[in-house]
Each structure stands twice: as structure tokens, then as C-alpha cells.
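Here is how the chains run, residue by residue.
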Protein chains: 2
Amino acid sequence: MSCVSTLKAKGLKLTPQRMMIVDIIHDAKEHLTADEIIRHIQANMPGVNKSTVYRTLSLLEQYGCVYKSELSEELIYHHDEVGHHHHLMCSRCGNIIKCDEDLFIPLKNLLMEKYGFDANFKHIVMSGFCEKCKNNN
Amino acid sequence: MSCVSTLKAKGLKLTPQRMMIVDIIHDAKEHLTADEIIRHIQANMPGVNKSTVYRTLSLLEQYGCVYKSELSEELIYHHDEVGHHHHLMCSRCGNIIKCDEDLFIPLKNLLMEKYGFDANFKHIVMSGFCEKCKNNN
DNA sequence: TTTATAATTGCAACCAGGTGCAATAACAAT
DNA sequence: ATTGTTATTGCACCTGGTTGCAATTATAAA
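Now for a look at the structure at hand. This one's a predicted model, so the numbers in the text were calculated from it and none came from an experiment.

Next up on the list: the sheet that holds strand β4 (residues 86-90) of chain B. Read from one edge of the open sheet, 4 strands run β6(A)-β7(B)-β4(B)-β5(B), paired in mixed fashion. Two strands in the sheet have a free side with no partner beyond their single neighbour: β6 (118-119) of chain A together with β5 (96-99) of chain B. Strand direction decides the pairing type here: β4(B) and β5(B), joined by 4 bridges, are antiparallel. Looking at β5(B), one finds that B:H86 is bridged to B:C99.

Below, the discussion takes up the interface of chain B and chain A. Tallying the contact residues gives 39 residues for chain B and 39 residues for chain A. Taking both partners together, chain B and chain A bury about 3500 Å²; carbon and sulfur atoms supply 61% of that area. When the area that chain B buries against chain A is broken down by residue, the three leading residues are B:L103, B:Y115 and B:F117, summing to 19%. Note that A:D100 is salt-bridged to B:K114, the shortest N-O span being 3.7 Å.

Within the secondary structure layout, A:S127 lies in strand β7 (residues 124-129). The exposure class of A:S127 is partly exposed, given its relative accessible area of 21%. Note: C-alpha distance between A:S127 and A:R92 (35 residues apart in sequence) is 9.7 Å. In this structure, A:S127 is in contact with A:M89, A:S91, B:F117, B:A119 and B:N120, ignoring residues within four places of it in sequence.

Take the relation of the copies chain B and chain A next. Rotating chain B by 180° about the axis while translating it 0.0 Å along that axis superimposes it on chain A, leaving an RMSD of 0.1 Å. These values place the two chain copies in the arrangement generated by a two-fold rotation axis. By C-alpha distance to the rotation axis, the residue of chain B lying nearest is B:L107, at 3.6 Å. The residues that chain B uses at the interface reappear at the interface of chain A in 100% of cases, marking a shared surface.

Glancing now at the protein's contact with DNA strand C. Taken together, the neighbourhood of DNA strand C is formed by 20 residues, with A:K13, A:R18, A:T52, B:L14 and B:Y54 sitting nearest. Counting only the atoms of DNA strand C within 4 Å of the protein, the fraction contributed by sugar and phosphate is 61%. At a separation of 3.0 Å, a base nitrogen of DNA strand C approaches a polar side-chain atom of A:R55. Listing elements by their share of the surface near DNA strand C, those giving two or more residues are α2 (16-27) and α4 (50-62) of chain A together with α4 (50-62) of chain B. In terms of residue count, α4(B) provides more of the surface near DNA strand C than any other element does, 4 residues in total. Residues of the surface near DNA strand C, tallied by class, amount to 7 nonpolar, 7 polar and 6 charged.

Turning our attention to the nonpolar core. Ranked by size, the top nonpolar core spans 32 residues in total, and within it A:L111 and B:L111 carry the most contacts. Elements that contribute at least two residues to this core include exactly β4 (86-90), α5 (105-115) and β7 of chain A together with β4, α5 (105-115) and β7 (125-129) of chain B. Apart from the residues lying within four places of it in its own chain, the contact partners of A:L111 are A:G116, A:F117, A:A119, A:F121, B:L88, B:C99, B:L103 and B:M126.

In this section: the state of the cysteines. All names here are of chain B. Overall, the coordinates contain 0 disulfides over all chains when judged by the stated rule. Just so you know, C130 is unpaired, no disulfide at all, and the nearest cysteine sulfur is the one on C133, 3.8 Å from it. C130 gets classed as buried once you look at its relative accessible area, which sits at 7%.

Next up on the list: the sheet that holds strand β5 (residues 96-99) of chain A. Through backbone hydrogen bonds, the strands of a sheet pair up, either in parallel or in antiparallel fashion. The 4 strands lie next to each other as β5(A)-β4(A)-β7(A)-β6(B), forming an open sheet whose pairing is mixed. Whereas interior strands pair on both sides, the edge strands pair on one side only; in this sheet they are β5 of chain A together with β6 (118-119) of chain B. Both β4(A) and β7(A) contribute to a ladder of 5 bridges, which runs parallel. Across the sheet, residue A:H87 finds its bridge partner in β7(A), namely A:V125.

About the criteria used
- Residues numbered from 1 in each chain as written.
- Chains lettered and ligands numbered in written order.
- Predicted model: local features only at pLDDT ≥ 70, side-chain atom pairs only at ≥ 80, totals over all residues.
- Heavy atoms only, no water.
- Pairing = 2+ DSSP bridges.
- Helix = DSSP H or I, 4+ residues; strand = E, 2+ residues; numbered from the N terminus.
- Contact = heavy atoms within 4.5 Å.
- Buried area = accessible area lost by both parts, 1.4 Å probe.
- Salt bridge = Lys/Arg side-chain N within 4 Å of Asp/Glu carboxyl O.
- Buried < 20%, exposed > 50% of the residue type's maximum accessible area, 1.4 Å probe, protein only.
- Least-squares fit on C-alpha atoms with pLDDT ≥ 70 in both.
- Near = heavy atom within 4 Å.
- Polar contact = N/O pair within 3.5 Å; in protein donor to acceptor, adjacent residues only side chain to side chain.
- Nonpolar A, V, L, I, M, F, W, Y, C, P; charged D, E, K, R; others polar.
- Core = buried A, V, L, I, M, F, W, Y, C linked by side-chain atoms within 4.5 Å.
- Disulfide = S-S within 2.5 Å.

Below, the structure written as C-alpha cells:
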């Protein structure tokens, strides 16, 4: 079900601002920060307020139309189809290790089995200590 | 190694503000929000600035003396020994399911094996859709 | 097409947390 | 005990994100 029909089915209004935000996320090749989305929309529709954007994003997230994740401290928004990956961030040195996403599959399956919970494993950032910092306390 | 000797070993200064913040976290039975820590310290040492608190917390986190985690949108700080648990938060309805921490052990071990990464699995919040919301799109 | 109504917007004010900088204080060396 | 160095503090300001509210607008019903 497309974003637009999902919203419609819920009795939510298809305002020009919303349509534009949906389009921006759909068209994006990569994930976007909220700020990038705000700049994009204000280029086309000057005067659109940032609170409108944030409210729309959280609405779309609630209805499964976009995914919000965090990437080294900053929140990013992305559409389902966009490629995703996981990160391990060191609390000491701040370095980020890219992480094979397959490692998370067993956990995802387990959460589904035990709790019926459909975890968002599109972008994960785990914090902890990297090899170097761990040994160099 | 205690927090105090860790700081000392790194050539960091043991200011009264820092000592007090360390004490507060040590004495806490539960995890604390940054705000609670700020209120605590300002009760004993009026005039201590919130930026000092935030800077001290991130310093302590870097050196493994406290753990920062997120609990349904708010950041919490806690000492190693404090009991911990995981949560599954629904992006639609906001409900939080408590989650058995053992489920994360295989993943933790895998990350250690493959990347030498010591993941902080003290408090995890996973987002996704709960059983009810998942089926009620 | 007009009207009613409920959802949505923009605004302004707010919140948690972070940052650059000059003043201060902890600690080491004398 | 005094001094010098360097880390740390408090301050003022900034940032991303949120909220209450009055004005506006999409949509359904008449």
C-alpha cells in the first residue's frame, strides 16, 4: 500500500505539504536527515514550517511509510527500499565500524517469535568499545 | 578500577564537581536522567552548571565509568552494577514491551568475535511494530 | 456549490543537550 | 609554600526537535 493511500485510509488529510514530504523521501537515493528534508521542501514551498515537517515525519513513521534510525548521533529518515547497514560506534574514540547486517537476523526472528514484535532493523547503531579502546583503558 | 583512579590515571583533574557527580551515580539505586543528576548536584553545590554535568557524564562514559542508554526517548545514565533490561518500543502506539536480555547474548558474542567490539548491552531500546499495530495497518 | 467539522498548519515559545571562550582551579615541579 | 601549566568551569549562545494554540484548509455531507 502506498504512503498516500495509507494516509487516506486513515482519514488523514492529503495536504500539499505532506505530499511533498512523501515525494522527497521517495525520490531520495540515500537516507536523509530531518534538516535536509526541511531544506528540500523549503526550496519548493517556501514558508513551510519545520514543525510541520517533524510532525509529518513522525506520522509517516507511525504508519510504516518511513523509517527513522540514528546514525552516529543524528537522526535519519529513509524509505523502505533504500539500502541499509548497521554500525558499531565506540563510546571512547567515536569510531564507527560497519557491520554485517546478517548478524542481526537471528535476533530479529527471535523477537518476532517470542513477542510478535516486528523490529526495525533497517539501520542500527550499537554503542560499546572498539577493540583498541577496550584494551587501552 | 574505580572511577576516581581511572580519572587520575588519565591525568584528569578530580574537581569537587566531578567527585560529586561520580558519587551521585554510584549511590543511585536506579538509573538517572541527566536532569535528575543536575538537580541532585545543584541541591548540594548550587551554581554548578549543566554543561559541566553533561561534559562530566560524557567523560565518564568514554572511560567506561557510566553507561548511557536510551529509555523511550530519554537518555539515562547508570552505573555498571545497576540492574538492566531491554525494551521493544512500538513506533505506532508507543507501547513498550519488556524483553528478555538473554536474547541478545548470542549477538553480543558474535560482535565480539567478528569485530572485537564490546557492545554495551546494558539497556537496549529497539523500535519496530508491536503485534497489534503490525496487524492493524 | 456551499457549509460544517475535524485535521493540519504556522507561529512563538520551549526543551534537552552541546560548544567556544575567557576566567579559574587542580596538580606537579620547584 | 609558591609558581606555572593545563584541564576544567561557568557563561552565553546555539542546535535539533517538540508543543500549545489560534488561524486555516481538506474533505464529507447537504
